[in-house]
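Understanding the architecture of this molecule
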Amino acid sequence: MTTPPPASKPGSLSTFNILHGFPEALVRGMRLSFLQDSDYHHLTQCETLDDVRLNMTESDYADALADINVLTPSGLQGAAIEKLVTEFKYLRTQAVEPLATFMDFITYEYMIENVMLLLKGTLSGRDINELIAQCHPLGMFKESTMRSIPTFESTAQGYSDLYQTVLVDTPVGPYFAMFLQESADRMGGEIRSVLEEVEIEIIKSSLIKFWIEDFSQFVDKLGGETATIMGDILKVRADTNAINITLNSFGTPLNEPAMRMSDRKRLYPAVGHLYPAGTAMLVDVGDEDELARVLELFPQYSSIWNIHSAASADKSIDDAFYERDVQMLELAFESQMHFGVFYAYVKLKEQEIRNLVWITECILQGQKEEINKFVPVFSFHAPWRTKRR
């Protein structure tokens, strides 16, 4: 699609370590930084956030929390994300091609989310400093670029200038160009008028779709274990997006028969275990019962859907997706000499941060009965591990 094929392959058993052995050794060593079952047990027993801070002084987050005077869930989240970004950037400085491009692909998702946040904030009139503070550090552009987005008028000419100034000059610019050209061709109008007519969330879903497809093609061209392991992770990511897009469209104009074919269909990634037969069937789905009948044909997703259908108070469909993702990402660490472990590390750390925020929020709000409803990482008590015993 937009990214040229890699100039070289990751290498085989005899050649991988020549170029990529050091960064891979680093990220595998970083696995030891994840919280253990005993850490989670101690955290869930805490009565106050001061107790949480005291327990985390013996974890890998001790230095990150040292400068925080009063611990809050948002402050903990910010410090943990900053720590993750620092680690990722260090790994990136040690990478050479094609690993360098692979790691850049990981950041593109956050760039898309940041631009969408700024665009959405512009439409609602929110303060630019507040918006920039909410942007993910892995997806930051130059500050001048970030601050220029809200300065454009909400007119056809304003969006035309926005496209020329921001969308073209960013690393994810090709995805924006593809979306805008696709929309302009479908609407029969000019590119500059597209952003006015399409909802921000639809734009975001389209850009994520192009990113997944581009990332998947790049990984396939790398070949070897990277194509096998990371390719499967991206296929599952694509399927998750397709299911969520369908589910979230119910009760919205996107679920109208005409919109299913013209708009919803083009949001489904052209990769994944559901593609092409499953996504073709999703186009005709109009309610949850029809979605259930489609997913019954795919065992790996029917069990997840059953959790949603049961409406259990103990686990949501998002929790089921998180559990499945954690299992796949953990297994990426069990294979050697592939790039998928770098993606897995970032996503597993994000899950750990979600766990910490959940635990601290439950303590802060006095909801201790809900505190264990998180998905631990590298846990000996994980559902997929206990089933094998």
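Here is a short report on the structure shown in this document. (Residues numbered from 1 in each chain as written. Predicted model: local features only at pLDDT ≥ 70, side-chain atom pairs only at ≥ 80, totals over all residues. Heavy atoms only, no water.)

1. Considering the packing of aromatic side chains
To keep things clear, this is the line we draw: Only Phe, Tyr and Trp rings are paired, with Trp represented by its six-membered ring, and only when their centres lie within 6.5 Å; those with planes under 30 degrees apart are stacked, over 60 edge-to-face, the remainder tilted. Think of it this way: any DSSP run of H or I at least four residues long counts as a helix, any run of E at least two long counts as a strand, and we number them from the N terminus. Any residue under 20% of the maximum accessible area for its type is buried, any over 50% is exposed, and the rest in between are partly exposed; the area is computed with a 1.4 Å probe on protein chains only. Charge over a ring is defined by NZ of Lys or CZ of Arg lying within 6 Å of the ring centre and within 35 degrees of the ring normal.
Scanning all chains against the criterion turns up 13 aromatic pairs. With 5.2 Å between their ring centres and 65 degrees between their planes, F34 and F378 make a pair best called edge-to-face. One end of the pair, F34, is in the loop between α1 (16-29) and α2 (37-44); the other, F378, is in the loop between α19 (340-364) and α20 (383-386), with 344 residues separating them in the sequence. Of the two residues examined, F34 and F378, each falls in the buried class. An aromatic cluster of three or more residues is present, and its members are F16, F102, F105, Y108, Y175, W211, F215, F218, F339 and Y343. It is K83 that lies over the ring of Y61; its NZ or CZ is 5.1 Å from the centre. K349 extends its terminal NZ or CZ atom over the ring of F34, reaching a point 4.6 Å from the ring centre.

2. Things to note about the pattern of salt bridges
Put simply, the rule reads: The term salt bridge refers to a pairing of a side-chain nitrogen on Lys or Arg with a carboxyl oxygen on Asp or Glu at a separation within 4 Å.
Tallied over the entire structure, the rule returns 16 salt bridges. Between K120 and E201 there is a salt bridge; the shortest N-O distance is 3.5 Å. Here K120 is found in helix α6 (residues 99-124), whereas its partner E201 is found in helix α12 (residues 200-222), with 81 residues between them in sequence. Judged by its relative accessible area of 41%, E201 falls in the partly exposed class. The salt bridge partner of D263 is R266, with a shortest N-O separation of 3.7 Å. R266 carries the same exposure label as D263, and that label is buried. Salt bridges sharing common partners tie together E109, R237, K347 and E350.

3. Brief notes about the nonpolar core
Our working definition: Residues belong to a common nonpolar core when they are buried Ala, Val, Leu, Ile, Met, Phe, Trp, Tyr or Cys residues joined through side-chain atoms within 4.5 Å. Contacts: residue pairs with any heavy atoms within 4.5 Å of one another.
One finds F102, M116, Y175, W211 and F215 to be the most contacted residues of the largest nonpolar core, which totals 123 residues. If you tally residues by element for this core, the top one is α6, at 14 residues. In contact with F102, other than residues within four places in its own chain, are F215, F218, V219, L222, T226, M230, F339, G340, F342 and Y343.

4. Quick notes on the environment of F218
With respect to the secondary-structure elements, F218 resides in helix α12. Each C-alpha atom, one on F218 and one on P98, is 9.8 Å from the other, the two residues being 120 residues apart in sequence.

5. A few points about the packing of helix α13 (residues 224-249) against helix α17 (residues 299-310)
Operational definition: All axes here are fitted lines through C-alpha atoms, helices being fitted over the stretch that makes contact, and every angle between N-to-C directions spans 0 to 180 degrees. Two helices that cross are described as forming a left-handed crossing if the nearer one is turned anticlockwise from the farther one by less than a right angle, and a right-handed crossing if clockwise. Residue polarity is assigned by list, with Asp, Glu, Lys and Arg as charged and Ala, Val, Leu, Ile, Met, Phe, Trp, Tyr, Cys and Pro as nonpolar; anything else, Gly included, falls into the polar class.
Following both chains from N to C, one finds α13 and α17 inclined at 35 degrees, their axes separated by 13 Å at the closest point. Crossing handedness for the pair α13 and α17: right-handed. Mapping the contact onto sequence places V236, D239, I243 and L247 in α13 and Y301, W305 and H308 in α17. Residue composition of the contact of α13 with α17, grouped by class: five nonpolar, one polar and one charged.

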